[in-house]
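The residues making up each chain are set out below.
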Amino acid sequence: MSSRHYTRFELAHSQLEAAIALYITNRDRLSAITLAGAADVLLSQLVLRAGKQNFTDRVLEKELATGRAAITREVLGREVNDMLFINQLKHFDDDAQDVIELDVDQCALAAILKALANYVDLPEHQRDLVLAFKLWVQQNLDPKKYNIHCDPNWTPPPAED
Amino acid sequence: MQRIHRTEIARRQLQTAVELFLQGLDRSSVITLAGAASNVLDGLVRKAGKEAFIDYARRVHDHLVGGTPKRQTYSHHIDKKLGVVAHKHLGAADPETVELDLEKQAADVLARAIADYTTLYGQDEAFVKAYLQWAWVNTDGPAQMEAFKSAPAKLRQQKR
């Protein structure tokens, strides 16, 4: 056992890679949420350090353009993480409920996609990892429900009641 | 939609962490998953009226160093020592690189989570047995038990 220096990108990459493996093999999608969430915290900051807008910034821009009251990147980031249950899976506050209700598959997919959106904006990213996940998406997800070919003109189906 | 109890959340994260560890897979993911499981288990142990790992560690600190550190402060200190914080937090002023011993820290984060898990659910599940067996063989279990036996009685008893 010995110590060495790791870049934050290395730590994020390892966790994102494991999250994708746990997700596509359906081995443990709950843990994929936690890992993608942790990776994304590091990646989001690294994108900012690279002088770019991160995923949350881009969502924030769209939200403000559609008339939402001004909020900060931090507040929106927390909202998105809460929506994906990232915080609830790693904390248990005194006043929290014993049971949580979530769609594990959807949250895991969204958490990975959010992390990937930041990952690909960094020059060190490994293209093969991104392409492998993209291929899995194209072969396994419903094209009526998901924009599996990343078509900019694709529109989502109407929400179910 | 699925309804999932916190117990199941902690179990799945910890089980996957143990499996990744024993298969020689990514240590960073072991640290993050066992760290998350620990947070959930800490709440469950306290809710069950039992003594959590962190509270036992505070008693040990009092015995060895003197003074009982604040719960939240000490918990964060241990998270930093175990590399948990480096894997899930990056502030604007934090350095780009961090020095870690991933192999040792992964084993230690698992030990902490397993301690709270066994306090609640015992040692019968296969993944728990597998980790305990690994720890017994690889961290000199017999020597640790001898050291434990020679510790003061108040440190050998778990508070309820």
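Rules behind the numbers
Residues numbered from 1 in each chain as written. Chains lettered and ligands numbered in written order. Predicted model: local features only at pLDDT ≥ 70, side-chain atom pairs only at ≥ 80, totals over all residues. Helix = DSSP H or I, 4+ residues; strand = E, 2+ residues; numbered from the N terminus. Rg over C-alpha atoms; globule rule 2.2 N^0.38 Å. Buried ≥ 20, exposed ≤ 12 C-beta atoms within 10 Å, placed from the backbone. Axes fitted to C-alpha atoms, helices over the stretch in contact; angles between N-to-C directions. Parallel < 35°, antiparallel > 145°, perpendicular 65-115°, else oblique. Contact = placed C-beta atoms within 7 Å. Nonpolar A, V, L, I, M, F, W, Y, C, P; charged D, E, K, R; others polar. Core = buried A, V, L, I, M, F, W, Y, C linked by C-beta atoms within 7 Å. Expected span 1.5 Å × (residues − 1). Pairing = 2+ DSSP bridges.

### What to know about the overall build of chain B
Assigned secondary structure in chain B consists of 9 helices and 2 strands. Listed by position from the N terminus, the elements making up chain B come as β-α-α-α-α-α-β-α-α-α-α. Whereas a compact globule of 160 residues would reach a radius of gyration of roughly 15 Å, chain B reaches 16 Å, a difference of no more than 12%. Expressed as lengths along the three principal axes of its C-alpha atoms, the size of chain B is roughly 45 × 40 × 35 Å. Taking all 160 residues of chain B together, 37% fall into the buried category.

### Notes on the packing of helix H2 (residues 29-49) of chain A against helix H1 (residues 6-22) of chain B
At a minimum axis distance of 9 Å, the contact between H2 of chain A and H1 of chain B shows a crossing angle of 80 degrees. With respect to their mutual orientation, H2 of chain A and H1 of chain B come out roughly perpendicular. On the side of H2 of chain A, the interface is formed by Leu30, Ser31 and Thr34 of chain A, while H1 of chain B contributes Ile9, Arg12, Gln13 and Thr16 of chain B. Class assignment of the residues belonging to the contact of H2 of chain A with H1 of chain B gives a composition of 2 nonpolar, 4 polar and 1 charged.

### Quick word on the environment of Val85 of chain B
Residues and elements named next belong to chain B. Among the secondary structure elements, Val85 is positioned in helix H5 (residues 84-88). Accessibility expressed as a C-beta count within 10 Å gives 18 for Val85, which makes it partly exposed. Note: C-alpha distance between Val85 and Leu110 (25 residues apart in sequence) is 15 Å.

### Some points on the nonpolar core
Across soluble globular proteins, nonpolar side chains have a tendency to be buried as a group. In terms of nonpolar packing, the biggest core is built from 72 residues, with Ala19, Ile33 and Ile112 of chain A together with Leu110 of chain B touching the most fellow members. Of all the elements in the fold, those that place two or more residues in this core are helix H1 (8-24), H2 and helix H5 (104-119) of chain A together with H1, helix H2 (27-47), helix H3 (53-64), H5 and helix H6 (102-121) of chain B. For this core, the leading source of residues is H2 of chain A, giving 12 residues. Here Ala19 of chain A is in contact with Ala32, Leu35, Ala36, Ala39 and Ile112 of chain A, once residues within four sequence places are set aside.

### Some thoughts on H3 of chain B
Here H3 of chain B contains 12 residues, and its C-alpha end-to-end distance of 16 Å stays within 8% of the 16 Å for a straight helix at 1.5 Å per residue. Positive phi appears at Gly66 of chain B, one or two residues downstream of H3 of chain B, with a value of about 100 degrees.

### Some thoughts on the interface of chain B and chain A
Opposite the 33 residues of chain B that make contact, chain A presents 33 residues. Looking at the side of chain B that touches chain A element by element, the count peaks at 9 residues for H2 of chain B. Here the side of chain B that touches chain A is composed, by residue class, of 11 nonpolar, 12 polar and 10 charged. Note that strand S1 (residues 4-7) of chain A and strand S2 (residues 97-100) of chain B share 4 bridges and pair antiparallel. Looking at S2 of chain B, one finds that Thr7 of chain A is bridged to Thr97 of chain B.

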